[in-house]
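Next come the chains, spelled out residue by residue.
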Amino acid sequence: SQQGEEDPQALSIQEGENATMNCSYKTSINNLQWYRQNSGRGLVHLILIRSNEREKHSGRLRVTLDTSKKSSSLLITASRAADTASYFCATDKGANSKLTFGKGITLSVRP
Amino acid sequence: SQTIHQWPATLVQPVGSPLSLECTVEGTSNPNLYWYRQAAGRGLQLLFYSVGIGQISSEVPQNLSASRPQDRQFILSSKKLLLSDSGFYLCAWSTKYRGVKTQYFGPGTRLLVL
């Protein structure tokens, strides 16, 4: 399967609730990044966590990284309808100029 | 600040026709450049990437090609489109600074081959 697999594939929550999305990967990484894509638009970088970091915060976003389990989670707290989008994790193995993107999670936040 | 442009935004082409999609970046020099394709509701498939003028790496065999005639210009082409070439095409750039390859995406081109 592909490096950078997110789960669940789709998530529907009520506004104000927290949304947790997970990403697993298979090989050693240099860093892991999360991106957001609104429907019909390009991807926007949200946050990057390096392999030697365990947790990182940015506003309502909290990212964790467990290199022993080769997994990461993205938590969006106090979700808003505007958070409705697809979310992708991407792994950077550091060996070349590429990122490997997962298939994405579709988040729907109901007002 | 850096900006990335793609055009056209939408394109409808008949099978067998040629294709040329253009991507340009402003506000940075010597970027890495990338072409991705995204099928409806799916993830991103890396098609090509370039670390410099004239340097193109192809990720998947296909009837598409890419060229980088200038430092901040990346072109995706096809001589004869197939139905399976339909999709959402995204261009992205990244710096080479400290090896952290955060990518910045353009708005995309939606291609429909009929």
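This report concerns the structure included in the present document. (Residues numbered from 1 in each chain as written. Chains lettered and ligands numbered in written order. Predicted model: local features only at pLDDT ≥ 70, side-chain atom pairs only at ≥ 80, totals over all residues. Heavy atoms only, no water.)

### Brief notes about the overall build of chain A
- Helix and strand counts for chain A come out as 0 helices and 11 strands.
- The C-alpha atoms of chain A give 13 Å as radius of gyration, which agrees with the globular expectation for 111 residues (13 Å, within 12%).
- Oriented by its inertia axes, the alpha-carbon framework of chain A measures out at about 45 × 30 × 20 Å.
- Going through the 111 residues of chain A one by one, you find that 43% of them count as buried. (Helix = DSSP H or I, 4+ residues; strand = E, 2+ residues; numbered from the N terminus. Rg over C-alpha atoms; globule rule 2.2 N^0.38 Å. Buried < 20%, exposed > 50% of the residue type's maximum accessible area, 1.4 Å probe, protein only.)

### Overview of the environment of A:Pro111
Residue and element names in this part refer to chain A.
- On the secondary structure map, proline 111 appears in the segment after β11 (105-110).
- Along the backbone, proline 111 and methionine 21 are 90 residues apart, and their C-alpha atoms lie at a distance of 20 Å.
- In this structure, proline 111 is in contact with Gln14 and Glu15, ignoring residues within four places of it in sequence. (Contact = heavy atoms within 4.5 Å.)

### A word on the sheet that holds strand β8 (residues 73-78) of chain B
Residue and element names in this part refer to chain B.
- The 4 strands are arranged β1-β3-β8-β7 in an open sheet whose pairing can be described as antiparallel. Of all the strands in the sheet, the pair left with one neighbour each is β1 (3-7) and β7 (64-70). Across this sheet, the average inter-strand angle for adjacent strands is 20°, counted without regard to direction.
- Relative to β8, strand β3 (residues 19-26) runs antiparallel, the two being bridged by 6 bridges. Bridge pairing in β8 links leucine 21 to leucine 76. (Pairing = 2+ DSSP bridges. Axes fitted to C-alpha atoms, helices over the stretch in contact; angles between N-to-C directions.)

### Quick look at the interface of chain B and chain A
- Listed by partner, the interface residues are 22 residues for chain B and 22 residues for chain A.
- With both sides pooled, the region where chain B packs onto chain A buries about 1600 Å², and carbon together with sulfur makes up 53% of that total.
- Between the two partners, chain B and chain A, sit 1 salt bridge.
- Here A:Lys98 and B:Glu59 are joined by a salt bridge, their closest N and O atoms 2.9 Å apart.
- For the interface between chain B and chain A, the tally reads 3 residue pairs in polar contact (both at pLDDT 80 or more).
- Secondary-structure elements contributing two or more residues to the side of chain B that touches chain A are β4 (32-38), β5 (44-52) and β9 (87-94) of chain B. (Buried area = accessible area lost by both parts, 1.4 Å probe. Salt bridge = Lys/Arg side-chain N within 4 Å of Asp/Glu carboxyl O. Polar contact = N/O pair within 3.5 Å; in protein donor to acceptor, adjacent residues only side chain to side chain.)

### A short note on the state of the cysteines
All names here are of chain A.
- As enumerated under the stated definition, the model contains 2 disulfides over all chains in all.
- For cysteine 23, the disulfide goes to cysteine 89, at an S-S distance of 2.0 Å. Here the S-S torsion is close to 65°, and the disulfide linking cysteine 23 with cysteine 89 is therefore right-handed. Taken together, the positions of cysteine 23 in strand β3 (residues 19-24) and cysteine 89 in strand β9 (residues 85-92) put the pair 66 residues apart, joining distant regions of the chain. (Disulfide = S-S within 2.5 Å.)

### What about the pattern of salt bridges?
Residue and element names in this part refer to chain B.
- Going through the model one piece at a time under the given rule, you end up with 6 salt bridges over all chains.
- The salt bridge partner of arginine 68 is aspartate 71, with a shortest N-O separation of 3.3 Å.
- For aspartate 71, a relative accessible area of 22% gives the class partly exposed.

### What about the pairing of β4(B)?
Residue and element names in this part refer to chain B.
- β4 sits mainly inside the fold: 7 of its 7 residues count as buried.
- Pairing of β4 with β9 involves 7 bridges; the strand directions are antiparallel. Paired with tryptophan 35 across the two strands is cysteine 91, which belongs to β9.
- Judged from the 6 bridges that link them, β4 and β5 form a sheet pairing that is antiparallel. Residue glutamine 38 lies in a different strand from β5, and its bridge partner there is leucine 44.

### Points about the sheet that holds β3(A)
All names here are of chain A.
- In space, the 5 strands of this open sheet follow the order β1-β3-β8-β7-β6, with antiparallel pairing throughout. Each edge of the sheet is formed by a strand with only one pairing partner; in this case those strands are β1 (5-7) and β6 (55-58). Along the sheet, successive strands turn relative to each other by an average axial angle of 20°, direction set aside.
- As judged from the 6 bridges shared by strand β7 (residues 61-66) and strand β8 (residues 71-76), these two strands associate in the antiparallel manner. Directly across from leucine 65, in β8, lies its bridge partner serine 72.

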